[in-house]
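Take a look at the letters that make up each chain.
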Amino acid sequence: MSDTLLFHKTFLHSSSKDWVVFVHGAGGSSSIWFKQIKAYKAHFNILLLDLRGHGKSNSMFKDMIANPYTFKAVTTDIIQVLNHLKIQSAHFVGISLGTIIIRNLAELAPERVKTMVLGGAVTRLNARSQVLVKLGNLCKHIIPYMWLYELFAYIVMPQKAQKESRLLFVNEAKKLCQQEFKRWFKLTADVNPIMKYFKEKELSIPTLYLMGENDYMFIKPVKEMVKMHEHSYLTEFDNCGHVCNVERPDEFNHHSITFIQRHQAELPTLSA
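The structure presented is a predicted model; accordingly, all values stated were derived computationally and were not measured. (Residues numbered from 1 in each chain as written. Predicted model: local features only at pLDDT ≥ 70, side-chain atom pairs only at ≥ 80, totals over all residues. Heavy atoms only, no water.)

If you had to explain the pairing of strand β7 (residues 232-237) to someone new, which residues and values would you point to?
Across 6 bridges, the pairing between strand β6 (residues 207-212) and β7 is parallel. Bridging from a neighbouring strand, L208 pairs with Y233 of β7. In this view, the connection linking β6 to its parallel neighbour β7 by way of helix α9 (residues 219-228) has right-handed handedness. (Pairing = 2+ DSSP bridges. Helix = DSSP H or I, 4+ residues; strand = E, 2+ residues; numbered from the N terminus. Right-handed = clockwise from strand over helix to strand, strands pointing away.)

If you want it as structure tokens, here you go:
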């Protein structure tokens with residue numbers, strides 16, 4: 001595998017031609033989808049990948065060490081994997097910050113995206129989270145990054161029922177080095193400008209938002225987005241927080257697989 005290609009793993013279906021690509025959030029890795037794989041591989045071909053600096057992609061991109069990350073660069077990494085595997089188009093399932101990357105991919109290459117399933121979607125940082133990001137930026141050179149990450153994880157996922165999700169993300173984040181954390185942290189400053197643009201410009205790609213009703217930092221702006229967009233739908237899970245694919249895997253799998261199956265029509269093949 002090329003050292004400029006993301007680490008990725010595929011599960012091939014015996015008859016389906018449809019691909020589902022899973023995109024994890026910042027600080028996570030493809031391992032957070034362990035409660036989805038069995039249900040999905042019964043219906044689709046699956047592509048799991050680790051974003052740059054995460055999971056098994058953490059030793060790659062040595063030549064990019066000095067460069068700040070951008071949403072475009074992180075998104076282009078995924079397109080390169082699709083090209084490498086000759087996947088013309090796919091259904092995309094994301095969680096947390098991964099939902100922004102999927103939406104950005106749909107902006108850059110809409111012909112590659114059949115549907116979007118956006119779990120725990122980040123569509124805007126509210127006042128509280130903006131304050132947290134600013135404090136984090138001020139402190140990131142003097143406070144160990146894991147302290148910051150654990151604080152963020154606790155604030156985003158504070159409830160007892162969210163403990164499994166919180167620990168999962170914290171344990172994955174420990175695999176990031178300090179420099180990687182800082183690069184991803186800087187990306188958060190771009191969230192509101194890019195999402196303001198996405199809110200104003202709807203794509204015609206069918207989009208399902210799956211949100212926990214207790215995802216108090218992010219659910220309100222998602223509701224606003226869905227009201228404005230003709231091709232967007234929202235399903236809320238009772239007594240559930242931010243990482244709904246971990247907290248409510250059965251419901252997450254049922255709603256997302258049903259949605260994808262409803263929109264399985266093939267897109268035109270890309271010209272060479």
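Having seen the model, we can carry on.
A description of the layout of surface pockets should follow, citing residues and the corresponding values.
Over the atoms, a rolling probe the size of a water molecule traces out where space has been left empty. Approximately 160 Å³ is the volume found for the second largest pocket. The class makeup of the residues in the lining of the second largest pocket is 4 nonpolar, 4 polar and 5 charged. (1 Å grid on protein atoms, 1.4 Å probe; cavity = no way out; pocket = protein on both sides within 12 Å on 5 of 7 lines; lining within 4 Å. Points joined across faces, edges and corners; volume = space filled by probe spheres on them. Nonpolar A, V, L, I, M, F, W, Y, C, P; charged D, E, K, R; others polar.)

How would you summarise the side chain of S256 if you had to cite specific residues and measurements?
When you line up the elements, S256 lands in helix α11 (residues 249-262). Judged by its relative accessible area of 0%, S256 falls in the buried class. Within polar-contact distance, the side chain of S256 engages the backbone oxygen of F252 at 2.6 Å. In this structure S256 touches Y40, V117, L208 and L210, once residues within four positions along its chain are discounted. (Buried < 20%, exposed > 50% of the residue type's maximum accessible area, 1.4 Å probe, protein only. Polar contact = N/O pair within 3.5 Å; in protein donor to acceptor, adjacent residues only side chain to side chain. Contact = heavy atoms within 4.5 Å.)

Give me the lowdown on the packing of aromatic side chains, citing residues and values where you can.
Summed over all chains, the structure comprises 5 aromatic pairs. Here F22 and Y40 contribute two aromatic rings whose centre-to-centre distance is 4.9 Å and whose plane-to-plane angle is 75°, an arrangement assigned as edge-to-face. Remark: Y40 occurs in helix α1 (residues 37-41) and F22 occurs in strand β2 (residues 19-23); sequence separation between them is 18 residues. Residue classification places F22 among the buried positions, given a relative accessible area of 1%. Ring pairs connect the aromatic residues F22, W33, Y40, F44 and F252, which therefore count as one cluster. (Phe/Tyr/Trp six-rings, centres within 6.5 Å; stacked < 30°, edge-to-face > 60°.)

Outline the pairing of β6, supporting the account with residue identities and numerical values.
Counting buried positions along β6 gives 6 out of 6 residues, so the element sits mostly inside the fold. Along β6, one buried face is formed by T207, Y209 and M211 and the opposite face, lined by L208, L210 and G212, is buried too. Here strand β5 (residues 113-119) runs beside β6; their pairing, made up of 4 bridges, is parallel. Across the sheet, residue L118 finds its bridge partner in β6, namely Y209.

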